[in-house]
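# Observations on the model geometry
What follows is each chain in one-letter form.
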Amino acid sequence: MGEWRPALFGPPRSFVLDAEVYELAGSWQVLLEWLPAERWHMHVLYGLLHPLDADRLSDRLDDGEDPLTREEVRAVAERLVQQATGRKWWVAQRLYATLAASWAELDGQLSLRGVELAALLPAPARACNLVYAWLVDGADEQGRRRLDMQLTRPPAGMTKRQAAGAWSPQEQGRAFMDAYRAQGDAGGRSPARVA
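Residues numbered from 1 in each chain as written. Predicted model: local features only at pLDDT ≥ 70, side-chain atom pairs only at ≥ 80, totals over all residues. Heavy atoms only, no water.

## Some remarks on the overall build of the protein
Let me state the cut-off plainly: Every helix listed is a DSSP run of H or I at least four residues long, and every strand listed is a run of E at least two residues long, numbered separately from the N terminus. Burial here depends on accessible area, computed with a 1.4 Å probe over protein chains only, as a share of the maximum for the residue type. Under 20% is buried, over 50% is exposed, and the range in between is partly exposed. Note on definitions: a residue-residue contact is assigned when non-hydrogen atoms from the two residues lie within 4.5 Å. For the area figures, the Shrake-Rupley method with a 1.4 Å probe applies, and any residue is considered shielded solely by the protein chains shown.
A count of helical and extended segments in the protein gives 11 helices and two strands. Helices and strands in the protein line up, N terminus first, as α-β-β-α-α-α-α-α-α-α-α-α-α. Evaluated residue by residue, the protein yields a buried proportion of 40% over its 195 residues. Across the protein, contacts joining residues at least 24 apart in sequence account for 66% of those joining residues at least 6 apart. Working note: accessible area of the protein is about 10,700 Å², and carbon and sulfur atoms make up 51% of it.

And the structure:
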């Protein structure tokens, strides 16, 4: 997926799980608070979901006869972060951790230039782009490569094969088409936008 797509088109507004559309009505600002945390998945997902859809998902997870697992829900959260940021979820997580840790300095620098950092939070790809640009500003080619290696290194316990297979462009295309079809089946709910 081109990193420019989510920056241009914005983050997804819904996702499909078991042929059901779940609307994302919460603020993407939730990424700043929860994405840097170790157990971020459910916090981010529930922070983004429309309250009725959050209740529906909770009911499914609490239903012992529903085959939906927490692992599947965590995978949905990872894909949403990737779609919203244009980066693997762990790269976005590291960029958001940097943003959270350096907020005062970065906000101050941008304020001097007339840019409000908080205004970029609803656009996760732009927030990641800004942090990345700030990190590489003034770096030589070797420093940039070193940063890229640190950012893209898969998390502990994840193999390179798993990392390479996380949400391929083909999966993104299928998810888009599933969401598009489900949107029509749901009687015209807000369209799914998947980069």
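Let's pick the thread back up.
## Thoughts on the nonpolar core
One broad trend across soluble globular proteins is that nonpolar side chains are buried collectively. In plain terms, the rule: In plain words, nonpolar cores are sets of buried Ala, Val, Leu, Ile, Met, Phe, Trp, Tyr and Cys residues tied together by side-chain atoms within 4.5 Å.
Formed by 46 residues in total, the largest nonpolar core has its most connected members in Phe15, Leu45, Leu49, Leu57, Val81, Tyr96 and Leu99. Among the elements that line this core, the one with the most residues is helix H6 (residues 89-101), at seven residues. If we skip the residues at most four places from it in the chain, Leu99 touches Leu32, Leu106, Leu117, Leu121 and Val131.

## As for the pairing of strand E1 (residues 14-17)
As a reminder of what qualifies: The pairing criterion is simple: DSSP has to find at least two bridges between the two strands.
Relative to strand E2 (residues 20-23), E1 runs antiparallel, the two sharing four bridges. Bridged to Phe15 within E2 is Tyr22. What sits between the antiparallel neighbours E1 and E2 is a turn of two residues, in which Asp18 has the positive phi angle 55°.

## Some remarks on the pattern of salt bridges
To keep it simple, the criterion reads: Salt bridge criterion: a side-chain nitrogen from Lys or Arg within 4 Å of a carboxyl oxygen from Asp or Glu.
With the rule as written, the count across this model stands at seven salt bridges. Among the ionic pairs, Glu20 bridges to Arg56, the shortest N-O distance being 3.1 Å. One end of the pair, Glu20, is in strand E2; the other, Arg56, is in helix H4 (residues 51-62), with 36 residues separating them in the sequence. Accessibility expressed as a relative area gives 30% for Glu20, which makes it partly exposed. Among the ionic pairs, Glu141 bridges to Arg145, the shortest N-O distance being 4.0 Å. With Glu141 and Arg145 both in helix H9 (residues 141-152) and four residues apart, this pair spans about one turn of that helix. By relative accessible area, Glu141 is classed as exposed at 52%. By relative accessible area, Arg145 is classed as partly exposed at 47%. Connected through salt bridges with shared partners, the residues Asp18, Glu20, Asp53, Arg56, Arg60 and Asp66 form a single ionic network.

## Some remarks on the packing of aromatic side chains
Test applied: Centres within 6.5 Å are what make two rings of Phe, Tyr or Trp a pair, Trp counting through its six-membered ring; a difference in plane orientation under 30 degrees is then read as stacked, over 60 as edge-to-face, and the rest as tilted.
Under the criterion given, the structure shown has four aromatic pairs. Considering the side-chain rings of Trp4 and Phe9, the 6.2 Å spacing of their centres and the 55° angle between planes classify their relative orientation as tilted. Centre to centre, the rings of Trp89 and Trp90 are 5.6 Å apart; their planes meet at 85°, and the pair counts as edge-to-face. For Trp89, a relative accessible area of 10% puts it in the buried group. For Trp90, a relative accessible area of 2% translates into the label buried.

## Considerations on a nonpolar patch on the surface
The condition that has to hold: Nonpolar side chains (Val, Leu, Ile, Met, Phe, Trp, Tyr) within 5 Å and like charges within 9 Å form the patches, drawn only from residues with over 30% relative accessible area and no salt bridge.
On the surface, Trp4, Leu8 and Phe9 cluster together to form a nonpolar patch covering roughly 350 Å² of accessible area. Mapping Leu8 onto the fold places it in helix H1 (residues 4-9). Residue Leu8 is classed as exposed on the basis of its relative accessible area of 59%.

## A few points about the confidence of the model for the protein
Rule in force here: For every residue, the predictor reports its confidence as pLDDT, a number between 0 and 100.
For the protein, mean pLDDT is 86; residues scoring 70 or higher make up 81% of the total. Ranking the elements of the protein by mean pLDDT puts helix H11 (residues 169-185) last, at 45, and helix H3 (residues 41-48) first, at 98. With pLDDT under 50 throughout, residues 167-195 is counted as low confidence; its partners more than four residues away or in other chains account for 45 contacts.

## Some words on the side chain of His41
Residue position: His41 is located in helix H3. In contact with His41, not counting residues within four places along its chain, are Arg74, Ala77 and Glu78.

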